[in-house]
Every structure is written in structure tokens, then in C-alpha cells.
Amino acid sequence: MSADEAGLPGTGTARRHTALPKAEILIEALPWLTRHHGKTVVIKFGGNAMIDDELKAAFAQDVVFLRHAGLKPVVVHGGGPQISAQLDRHGLVSEFKAGLRVTTPEAMDVVRMVLAGQVQRELVGLLNQHGPLAVGLTGEDAHTITATQHLPEIDGERVDIGRVGEITAIDTGAIEALLEDGRIPVVSSIARSADDGHVYNVNADTAAAALAAALGAETLMVLTDVEGLYADWPNSDEVISRLTVSQLEKLLPELSSGMVPKMEGCLHAVRNGVRTARVIDGRVQHSILLEIFTDEGIGTMVVPDDNGGGTK
């Protein structure tokens, strides 16, 4: 009997057994790699993943992995915690109405500086540790996002909350050119108005959904600080793993204010041709890879009404 047949330590048999779990993981990912190859994935980066160094690094690794696995990732980001901190340093009060930041012209200067000059630069730097991949731009660049002033309705009246924008148009030309060149676009959620020339702060969830629809993306992924959409919060922490557009429409009026823009974004994306929209827990390292490349997945996925029983 040979050493290999006996399974002695250091033989080929032992090495195969040691490596087998890694091979099984790769094989499990194969159908998802095949399905998503060449497809555009828009990822909204936010929550704890933006402020925890380990989560930021894991996020960058995931996005670069998608790129090398043959997908076309586009990252859209806001920067709520960083904006609040910088406003405090400038002696400007952070005020919210209808779940949106009241944005004076002075506050808008800070928002623009933080998003394009701080958050975006850090994220581009993390991605580019893995190669010359990421390119940062804002919605202002090449008219990528055009907006008009958003006047939310509070107690039946339209209220002026300053430089908060409502998206009126998307031009995907610059992003598509970057994707064709093999780059990873990193987009700050700022837009310029065609009406008054002002620059507006746009909700990043809304911006990501609008870009996903305009790009004809396969998937929109929204990182959050919760496991997904809960079935009966706060009475239960059971997460809804999948729901259709019609089911989500019925749930919207009951959702907490923080989840509304995220789920409205998912609804808009899927209604406008994006195959699936997912809300996933950004507190979990490598949550993007777990959602896209494993059988189980995590978080909540929204699908069209005619695909309620479909697959990931």
C-alpha cells in the first residue's frame, strides 16, 4: 500500500481533504458567478459600514471581488454621520424635518465638502489599494444627476427645507464610459439643478435607486444597520427574506421613517426594470458576497410581481 493510499500526513489525500471546504465554497458560488457575469450592480454604501474601519476595508474587498469576478459594480454613497460631525465643527445645527436634513446654503457647502472631499476620497483610496480601479464623481459631473428643490409635505403643507433635491433626470454617460473602461465609479449623492443652478443634497438611497434604474442594473443593494425588513417590528425580529413589489407597496405606510427611503428606492428600482433590489446588513463583514454568491443570502430581497417565486 502506498503512502497516498494510506492517507498518511503530508500525502496528496490529506492535502485534498484540507482544501476541500475552500473548493466547495467556490463551487457554490459558480451558478451565481455565471448568472451575474457582465451585469451591473449598484451598491448604496452607508450605515456602520461607513464608519467602522474593518467594515470599510471588507466592503472595498467585496466591491473589488465583484469587479474581478466579471460584474460591473457602481457605488453610491451619502455621509450622514460625517456631515453631522463637520456641521458641529462649523457651529451649524443639524436639523431634520420629514426625515430629511434641513440644508441651508452654508450647510450645503459643508455637505459638498464632506461627500466629495472626504467620504468619497477615502472610499476611492480603499478601493484603489487593490489596483487602479475606482474613479470618484458627484452627481454634478457630466450632468449625471439633475435635481430640483424638494419640498416635503408636513401636516398637509409644503415646507422649504433648503438645498434638498428631488431627482429630475439621470445621465449615465460618464458612468457607462467608466464601466466600459473596467473602472469602478464611486458617486457622491449631490446634484445640480437645471432650474436655478444651485447644488442640492440628494438622499443617497434615492440616488442609488435612480441610477440603478437608468443603468438597467441587474441588482440594487442597499447597506443598512439592520438585518433587513422585519415582518412585525418591534414585536418580532423575524426578517422578511423576499417580497414582491405589490407586497412592499402594502407595507410601506407601516414602516419606520428610516426604512422608508430605502424601501421606496427598492420599489422604484424594481418597478423600472432592475431585476432584484436587496436591503442587507452592512454590519456583517462581506455581506455583499454572502448575498450575491451563496445559496442562503442575507437580508430582504424585492422582486417583480411576476417573479415572486423566482431565484436570486
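The rules behind each value
- Residues numbered from 1 in each chain as written.
- Predicted model: local features only at pLDDT ≥ 70, side-chain atom pairs only at ≥ 80, totals over all residues.
- Heavy atoms only, no water.
- Core = buried A, V, L, I, M, F, W, Y, C linked by side-chain atoms within 4.5 Å.
- Buried < 20%, exposed > 50% of the residue type's maximum accessible area, 1.4 Å probe, protein only.
- Helix = DSSP H or I, 4+ residues; strand = E, 2+ residues; numbered from the N terminus.
- Pairing = 2+ DSSP bridges.
- Axes fitted to C-alpha atoms, helices over the stretch in contact; angles between N-to-C directions.
- Contact = heavy atoms within 4.5 Å.
- Phe/Tyr/Trp six-rings, centres within 6.5 Å; stacked < 30°, edge-to-face > 60°.

Enquirer: Looking at this model, I keep getting lost on the nonpolar core. Mind explaining?
Expert: Nonpolar side chains tend to gather and get buried jointly when the protein is soluble and globular. One finds I43, F59, L127, I288 and F293 to be the most contacted residues of the largest nonpolar core, which totals 42 residues. Residue assignment for this core shows that the elements contributing at least two residues are α2 (12-36), β1 (40-45), α3 (53-68), α4 (80-89), α5 (105-128), β10 (184-188), β13 (219-224) and α10 (287-293). Of the residues forming this core, the biggest block, eleven residues, is contributed by α5. Membership of the second largest hydrophobic core comes to 38 residues, among which are V76, V245, L248 and V302.

Enquirer: It is not clear to me how the sheet that holds strand β9 (residues 165-170) should be interpreted in this structure. Could you clarify?
Expert: Where strands meet in a sheet, backbone hydrogen bonds hold them as pairs that are either parallel or antiparallel. Strand order in this open sheet of four strands is β9-β6-β11-β12, and the pairing throughout is mixed. With one partner strand each, in any of the chains shown, β9 and β12 (199-201) form the two edges of the open sheet. Within the sheet, the average angular offset between the axes of one strand and its neighbour, ignoring direction, is 50 degrees. Relative to β9, strand β6 (residues 145-149) runs antiparallel, the two being bridged by five bridges. By the bridge assignment for β9, Q149 is matched with G165. In this fold α5 packs onto β11 (190-193) and β12, with an angle of close to 75 degrees to the strand it touches most, β12. Strands β6 and β9 of the sheet are contacted by helix α7 (residues 204-215), whose axis makes an angle of about 15 degrees with β9.

Enquirer: So what exactly am I meant to see when it comes to the packing of aromatic side chains here?
Expert: Aromatic ring pairs are defined here through the distance separating the ring centres and the angle between the ring planes. Taken as a whole, this structure holds two aromatic pairs when the rule is applied. Ring centres 4.2 Å apart and planes at 25 degrees place the aromatic pair F45 and F59 in the stacked group. Separated by 14 residues along the polypeptide, F45 in strand β1 and F59 in helix α3 bring together distant segments of the chain. Here F45 falls in the buried class, since its relative accessible area comes to 2%. Their ring planes at 65 degrees and their centres at 5.8 Å tell us that F65 and F293 sit as a pair that is edge-to-face. Here F65 is found in helix α3, whereas its partner F293 is found in helix α10, with 228 residues between them in sequence. Assessed through its relative accessible area of 39%, F65 is described here as partly exposed.

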